[in-house]
Amino acid sequence: MVRVGFGPFVVDAGTRQLQRGTEVLHLSPKAFQLLMLLVESRPLVVDRTVLRQHLWPDTHVVDAALGNLVAEIRSVLGDGSAAVRTIH
């Protein structure tokens, strides 16, 4: 997968860019990595444990770290975006 569109967004793994139209949106490297993992896994739900193993292999991080990345992605995509949903 190189370029994938969802809603008004296009994520490009080759250039590591997220765009809305012609506007390039900025994410931290780890948030971009999370977004790519979620896009590649869609429409499946990805368990929190699996996300942590992919993002921080062999490293212990606090639970808030993943939540902070999700918040960053949601902020960049827009508050009303349903692109990243949390399933409890």
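These numbers were taken from a predicted model, which means no experiment stands behind them.

Undergrad: How should I be thinking about the overall build of the protein in this particular structure?
TA: For the protein, the count of helices and strands is three helices and four strands. Buried positions account for 33% of the 88 residues belonging to the protein. Entry remark: accessible area of the protein is about 5,700 Å², with carbon and sulfur atoms responsible for 54%.

Undergrad: Would you take a moment to explain the side chain of Gln19 for this structure?
TA: Inspection of the secondary structure puts Gln19 in strand E3 (residues 17-20). Among all residues touching Gln19, those that are not within four sequence positions of it are Arg3, Pro8, Phe9, Val10, Val24 and Leu25.

Undergrad: Explain the sheet that holds E3 to me, please; I cannot follow it from the model alone.
TA: To summarise the sheet geometry, strands pair through backbone hydrogen bonds and adopt either a parallel or an antiparallel arrangement. Taken in spatial order, the four strands line up as E1-E2-E3-E4 in an open sheet, and their pairing is antiparallel. The open sheet has two free edges, formed respectively by strand E1 (3-6) and strand E4 (23-25), since each of these has just one partner strand. Shown here is a sheet whose adjacent strand axes are inclined to one another by a mean of 30°, direction ignored. Relative to strand E2 (residues 9-12), E1 is paired through four bridges, and the arrangement is antiparallel. Counterpart to Arg3 in the pairing with E2 is Asp12. The strands that helix H1 (residues 29-41) touches are E1, E2 and E3; relative to E2, the one it contacts most, it runs at about 105°. Those strands touched by helix H3 (residues 63-77) are E1, E2, E3 and E4, and its axis lies near 35° from that of E3.

Undergrad: Can you walk me through the packing of H1 against H3 in this structure?
TA: The angle between the axes and the distance between the axes are what describe a pair of packed helices. Two numbers describe how H1 lies on H3: the axes approach to 9 Å, and their chain directions differ by 85°. With respect to H3, the axis of H1 lies roughly perpendicular. Between H1, through Lys30, Ala31, Leu34 and Leu35, and H3, the contact on the second element is made entirely by Leu66, Leu69, Val70, Glu72 and Ile73.

Undergrad: How should I be thinking about the side chain of Asp12 in this particular structure?
TA: Looking at where Asp12 falls in the secondary structure, it is placed in strand E2. Within polar-contact distance, the side chain of Asp12 engages the side chain of Arg3 at 3.3 Å. At 3.1 Å, the side chain of Asp12 forms a polar contact with the backbone nitrogen of Thr15. Other than its neighbours up to four places away in sequence, Asp12 contacts Val2, Arg3, Gln17 and Phe32.

Calculation rules
- Residues numbered from 1 in each chain as written.
- Predicted model: local features only at pLDDT ≥ 70, side-chain atom pairs only at ≥ 80, totals over all residues.
- Heavy atoms only, no water.
- Helix = DSSP H or I, 4+ residues; strand = E, 2+ residues; numbered from the N terminus.
- Buried < 20%, exposed > 50% of the residue type's maximum accessible area, 1.4 Å probe, protein only.
- Areas by Shrake-Rupley, 256 points an atom, 1.4 Å probe, with all protein chains shown as cover.
- Contact = heavy atoms within 4.5 Å.
- Pairing = 2+ DSSP bridges.
- Axes fitted to C-alpha atoms, helices over the stretch in contact; angles between N-to-C directions.
- Parallel < 35°, antiparallel > 145°, perpendicular 65-115°, else oblique.
- Polar contact = N/O pair within 3.5 Å; in protein donor to acceptor, adjacent residues only side chain to side chain.

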